[in-house]
Amino acid sequence: DAVAEKHDATTVAGRCLPYGETAPLAPLAFALRPLLGLSEEGVPTHAEVEGAVRQFGAELPLPAERVVDAVLHLFGGATPLAGIEPANALDEVVRALAAMIASAARRRPVLVRIGDLHWADPILLDALSRILAQVPAVGFVLVTTARPDEATAWPPLDARHSTFLLRLDPLAADDADALATLALGDEDDPVLRREVLARSGGNPLFIEQLAALVGDATPTGSLPVLPDTLRGLVAARLDALTPDQRAMLDNAAVLGTTGRWFTLERFGIAMGQRPSRRTLEALSSGDLLVLEGNSWRFRSPTVREVAYQTLTKSIRAQRHAGVALAIEEMAKGKDDAAEVLAHHWSTAASLVVELGPVVKVPDDVIERAVEWSRRAARHALGRQAYAQSERFSDGALALVDEATSQTSAAASAILDDDVLPSRLRLLLVRAEARIGLRRNDAARADLDTVLEAARAAPLDIRDRATGHAMRLLGLLEHQLGRTDVARQRLEEAVAVLRATDDEAGLALALRNLGMVLVIGGHFKEAETPLREAQDRYQHLGDRRGLAWVNQHLAWTAFVGGDRAGADARLDEAETTFGGLGDPGGRAWVLGLRAFLRFQQGRLEEAEALASSVLREADEHNDKWAAAMMRTLLGGLRLWSGRVADARMLGDKALTGFRSLGDRYGEGQAAALLVRAGIASGEGGDAQRELERLAAMADTGPRRAFVALVQAGAAVHLGEPGRAVAAADTALATGGLDGIGSSELWSALALARLQLGDGDGAAEAAARAAEVDPTSPYPLAVQAAAAAATGDVHTATELAARVLAHPGSSYLDRIVAIGAGTMARLGEGEIEAAALLATEGTATAEATEDAQAWALARATEAMVEQARAGEPIGVPPGVLNQGWATAWATMAAGAVTAASV
């Protein structure tokens, strides 16, 4: 603080609570109120936040209204962010906070203090890490305090900022003596100071508390009896408090380590006390509490622990129930305070279970504890705080199990509330949280328990419980990469939920099924559940559900070759996500649109979109989106000839997908690495990736996809026999349609050409063109087949279309140039052929693909043969057998056409 004051820094502070927060970013929100000029209490108005944001002026890198929405959402205000995915809303808040801190720090240094980080929600730790990464190298310092805890992944290890870790060991002798002298003040004398130092062991808090006890007990400075332990010392100090002071301190201990004055006051009134600000100030003067404006906190966690432990269990139960009743009245049924209420009601309920009925504690305390714990678990699940959701579910299930052994009305209500019994609902919530934590075996055990219990339940309970359990089992199997099993479970979930009136649950199961089918490669089949989900979301008025379905349907249209339909769906989804203020959903739309632009040949747009989505994904720590965008960018690099860049991006993408256990993404990245490895001459690496791909081919679509990659790789290497065999496998599997089908027929056409079968090549090329008549790859293959069969006019026309296509790859252009060159030679236009061959050489030299270089050299050599009046043929040693045969077949077709 002294250093901050010296540098005229803005200093703000917040603290984590021991039993969790109503919102994971609450400590950060409290700390930033002064930075924004907002009052310490209540939810600020839109106008107040707008005024606070306006002070940052044009320096903010985000639109002001977007920052206003993020700040209001942080403080619990009503904004469009409440209607989007919780993780995406948190991303918006983190970006806005980082932007404001960076802006403020450009004017004067900013010091943010967050205390007791060992109690922090993992979401808060992640947010702080991302803020550190996003704030530039300006005057910003984040100071956190925490007890040593190996489970807390802090501080983050990142080269983008400097980190200094200070471990607070006992004070050195000189420092301890100086602190004791200062703390004893007027009572200081050598005898007292030696006794204090001997008892304290250099612990600074112990020194301060011992000095305070000396002052309380002996105004003349005579030596009192000093306790041997810190807890004994604190207990002795608490015994010296007045009744009003002790009552207020006990209330504070029940509330937690920190809080607001109005909460402490309301609690005291509810307990029949007469709390006053003067009493609070006396506790602060005695160094038991610290006052910061209208907020208080315990001077030390030890003070709070001792105060709490000295309360009898019955009084603890009364106090926790009293706090919960007061907060319930303020919350008015909303889930915003669910986690705090769950803590207090559960603590009171556990004490009642141990002691029996307690005066002033409601008879339905167990029922209230279970209900609020369930709501807290659901609320935490909604914001992806999976560990906290599991913890609340654990506590509630323990209370439910206790209630089943009782015969009270509360127990009956717990066992038969709403539609699903509490125990089943809690197990479903905990299973979903465990799936999020990737605790797959524990999640499966919960779901097996639900299914077992559902079999003996009444019909309506059985179907709902079974449907939701099967849906979660489907997601679990999908996470494990078992796509066929995931599909089966989700289809079962849909069938069971149809028998219920749970339309929202059915819509979600249909959407999950559609997404699994899309990722599994069953694109046509995915449309049926997705379109039904679309109808149900429309009936429910669920705009967000509709937006996600449109994104999924756009994916099916894209892969099926319906580029216009994909664009239209993406437009609808982007508009809806934009209206909801959901940048995360919009990012998914932009990511898919980047792939679409790649297929449309609009490569600059694809590059810009993919780079933008990648930046946001890295900022938000969205590993899946980042890996997918790196795969796309790798493809863009590969087909522009920058093979080394493609391999680097492919490696990063593959690592990301493997860390997530995503086999679909892993396959996409591996396919990129196969082609990049071949292009760079690293055949061994490419073969290893092919083997890994083959090992993952556990479904029809995956087997077809792997066969497609094998066929393309074999054609690139000039190994037509392997290419034909792989293509036959893919066709027999029947797992390809749309773009995949066109690529397969194109590869088969080139393989036929490499075998010297011009007619077979023309037939396969025609099939490719039927599926995708505008893409450059099938056009180039058609041109080659036309040259091989003597149709030099068509070859010339198609080659020109490929060269004019903005999205053609270097290999498309090399094949088209070879076909066009042979056609020109067949027409006797040697100089026109020479110009094309020169263009081919320039295209090849701009790449890192040795095969492309060889094809270009062979083409130029054949033109030189024609100039010299020699027979046209592939020079020996330039091309391998497959490509040599392909070029010779095209030349033979052109020569035949010329003679005719």
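Residues numbered from 1 in each chain as written. Predicted model: local features only at pLDDT ≥ 70, side-chain atom pairs only at ≥ 80, totals over all residues. Heavy atoms only, no water.

Draft legend 1. Representation of the overall build of the protein chain within the structure. The number of helices and strands found in the protein chain is 43 helices and six strands. Look at the contacts in the protein chain between residues 6 or more apart in sequence, and 65% of them connect residues 24 or more apart. Put simply, the protein chain shows about 37400 Å² of open surface, and 52% of that area lies on carbon and sulfur atoms. (Helix = DSSP H or I, 4+ residues; strand = E, 2+ residues; numbered from the N terminus. Contact = heavy atoms within 4.5 Å. Areas by Shrake-Rupley, 256 points an atom, 1.4 Å probe, with all protein chains shown as cover.)

Draft legend 2. Representation of the side chain of Arg-569. With respect to the element layout, Arg-569 can be found in helix α27 (residues 563-580). One buried charge, Arg-569, has no salt-bridge partner; the nearest side chain with opposite charge is Glu-572, at 4.3 Å. Side-chain polar atoms of Arg-569 contact the side chain of Asn-550, separated by 2.9 Å. Apart from residues lying up to four places away in sequence, Arg-569 is in contact with Arg-531, Gln-534, Asn-550, Leu-553 and Ala-554. (Buried < 20%, exposed > 50% of the residue type's maximum accessible area, 1.4 Å probe, protein only. Lys, Arg positive; Asp, Glu negative; His and termini not counted. Salt bridge = Lys/Arg side-chain N within 4 Å of Asp/Glu carboxyl O. Polar contact = N/O pair within 3.5 Å; in protein donor to acceptor, adjacent residues only side chain to side chain.)

Draft legend 3. Spatial organisation of the packing of helix α23 (residues 483-497) against helix α24 (residues 503-519). Running from N to C, α23 and α24 cross one another at 160°; their axes reach a closest spacing of 9 Å. Put simply, α23 runs roughly antiparallel to α24. Classified by chirality, the crossing of α24 by α23 is left-handed. Contact residues: α23 offers Thr-483, Ala-486, Arg-487, Leu-490, Glu-491, Val-494 and Leu-497, while α24 offers Gly-505, Leu-506, Ala-509, Leu-510, Asn-512, Leu-513, Val-516 and Leu-517. Its residues assigned to classes, the contact of α23 with α24 comprises ten nonpolar, three polar and two charged. (Axes fitted to C-alpha atoms, helices over the stretch in contact; angles between N-to-C directions. Parallel < 35°, antiparallel > 145°, perpendicular 65-115°, else oblique. Left-handed = near helix turned anticlockwise from the far one by under 90°. Nonpolar A, V, L, I, M, F, W, Y, C, P; charged D, E, K, R; others polar.)

Draft legend 4. Region of interest: the packing of aromatic side chains. Counted by the stated rule, this structure contains seven aromatic pairs. Residues Trp-883 and Trp-887 carry aromatic rings whose centres are separated by 5.9 Å and whose planes lie at 80° to one another, so their mutual orientation is edge-to-face. Highlighted residues: Trp-883 and Trp-887, both in helix α43 (residues 881-899), separated by four residues, approximately one helical turn. Accessibility assignment for this pair places Trp-883 and Trp-887 in one class, buried. Arg-304 extends its terminal NZ or CZ atom over the ring of Tyr-308, reaching a point 5.2 Å from the ring centre. (Phe/Tyr/Trp six-rings, centres within 6.5 Å; stacked < 30°, edge-to-face > 60°. Lys NZ or Arg CZ within 6 Å of the ring centre and 35° of its normal.)

Draft legend 5. Fine view of unusual backbone geometry. Of note, Lys-360 is a non-glycine position whose phi angle comes to about 70°, a positive value. Note that Lys-360 resides in the loop between α16 (338-355) and α17 (365-382). Looking at Lys-360, the relative accessible area reads 65%, which means it is exposed.

Draft legend 6. Structural context of the pattern of salt bridges. Inspection of the entire model under this criterion finds 44 salt bridges. Here Glu-503 makes a salt bridge to Arg-536, at a shortest N to O gap of 3.8 Å. Taken together, the positions of Glu-503 in helix α24 and Arg-536 in helix α25 (residues 523-540) put the pair 33 residues apart, joining distant regions of the chain. In this structure Arg-536 comes out as partly exposed when scored by relative accessible area, which is 22%. A salt bridge links Asp-772 to Arg-563, with the shortest nitrogen-to-oxygen separation between them at 3.1 Å. One end of the pair, Asp-772, is in the loop between α37 (758-771) and α38 (776-788); the other, Arg-563, is in helix α27, with 209 residues separating them in the sequence. Exposure class is identical for Asp-772 and Arg-563. Each is buried. The network of salt bridges with shared partners includes Asp-567, Asp-571, Glu-574, Arg-586, Arg-593, Arg-597, Arg-602 and Glu-605.

Draft legend 7. Examining the sheet that holds strand β2 (residues 110-115) more closely. Judged by pairing direction, the sheet is parallel, and its three strands sit side by side in the order β1-β2-β3 without closing on themselves. Looking along the sheet, the strands with just one partner apiece sit at the ends: β1 (10-15) and β3 (140-144). Strand-to-strand twist of the sheet, defined as the mean angle between neighbouring strand axes without regard to direction, takes the value 15°. Across five bridges, β2 lies against β3 in parallel orientation. Counted as the bridge partner of Arg-113 is Val-143 from β3. Each of β1 and β2 touches helix α2 (residues 26-36); the most contacted strand, β1, lies at about 155° to it. (Pairing = 2+ DSSP bridges.)

Draft legend 8. Region of interest: helix α32 (residues 663-679). Here α32 contains 17 residues, and its C-alpha end-to-end distance of 24 Å stays within 8% of the 24 Å for a straight helix at 1.5 Å per residue. Burial runs high along α32: 15 of the 17 residues are buried. (Expected span 1.5 Å × (residues − 1).)

Draft legend 9. Inspection of the sheet that holds strand β6 (residues 295-298) at higher detail. With respect to topology, three strands assemble into an open sheet ordered β4-β6-β5, the strand pairing being antiparallel. A single partner strand is all that each edge strand has here, and the edge strands are β4 (258-260) and β5 (289-292). Recorded for the sheet is a direction-independent mean angle of 20° between the axes of neighbouring strands. Strand direction decides the pairing type here: β4 and β6, joined by three bridges, are antiparallel. Following the sheet pairing, Arg-260 is matched in β6 by Ser-295.

Draft legend 10. Focus on the pairing of β5. Across four bridges, the pairing between β5 and β6 is antiparallel. Paired with Glu-292 across the two strands is Ser-295, which belongs to β6. Two successive antiparallel strands, β5 and β6, enclose a turn made up of two residues, where Gly-293 displays a positive phi of approximately 70°.

Draft legend 11. Representation of the packing of helix α36 (residues 739-754) against α38 within the structure. Put simply, α36 and α38 touch, their axes get as near as 10 Å, and they point 25° apart. With respect to each other, α36 and α38 are oriented roughly parallel. Every pair of crossing elements has a handedness; the one defined by α36 and α38 is left-handed. Across from Ser-742, Glu-743, Ser-746, Ala-747, Ala-749, Leu-750 and Leu-753 in α36, the residues of α38 making contact are Tyr-777, Pro-778, Val-781, Ala-784 and Ala-788. Class assignment of the residues belonging to the contact of α36 with α38 gives a composition of nine nonpolar, two polar and one charged.

Draft legend 12. A look at the side chain of Thr-576. Within the element layout of this structure, Thr-576 appears in helix α27. Owing to a relative accessible area of 17%, Thr-576 belongs among the buried residues under this scheme.

Draft legend 13. Up close: helix α12 (residues 261-270). Buried within α12 are the following residues: Trp-261, Leu-264, Phe-267 and Gly-268. Seen end-on, α12 carries its buried residues on one side only, within an arc spanning 130°. Residues of α12 that are exposed and point more than 90 degrees away from the buried face comprise Ile-269 and Ala-270. The positive-phi residue at the C-terminal boundary of α12 is Gly-272, with phi of around 80°. (Arc of directions from axis to C-beta.)

Draft legend 14. Focus on the pairing of β2. Buried residues dominate β2, accounting for five of its six residues. As paired strands, β1 and β2 are joined by six bridges and run parallel to one another. Note on β2: the bridge partner recorded for Arg-15 is Gly-115.

Draft legend 15. Highlighting the confidence of the model for the protein chain. Per-residue pLDDT for the protein chain averages 82, and the proportion of residues at 70 or more is 86%. Low confidence marks residues 407-419, where pLDDT is under 50. Its contacts with residues over four positions away, or in another chain, come to 21 contacts. (pLDDT = per-residue confidence, 0-100.)

Draft legend 16. Looking closely at the environment of Gln-388. Note that Gln-388 resides in helix α18 (residues 386-404). As for Gln-388 and Glu-339, which are separated by 49 residues in sequence, their C-alpha atoms are 9.2 Å apart.

Draft legend 17. Here's a closer look at the environment of Val-143. Within the secondary structure, Val-143 is located in strand β3. Sequence separation of Val-143 and Ile-114 is 29 residues, and the distance between their C-alpha atoms is 6.4 Å. When residues no more than four places from it in sequence are discounted, the contact partners of Val-143 are Leu-111, Val-112, Arg-113 and Ile-114.

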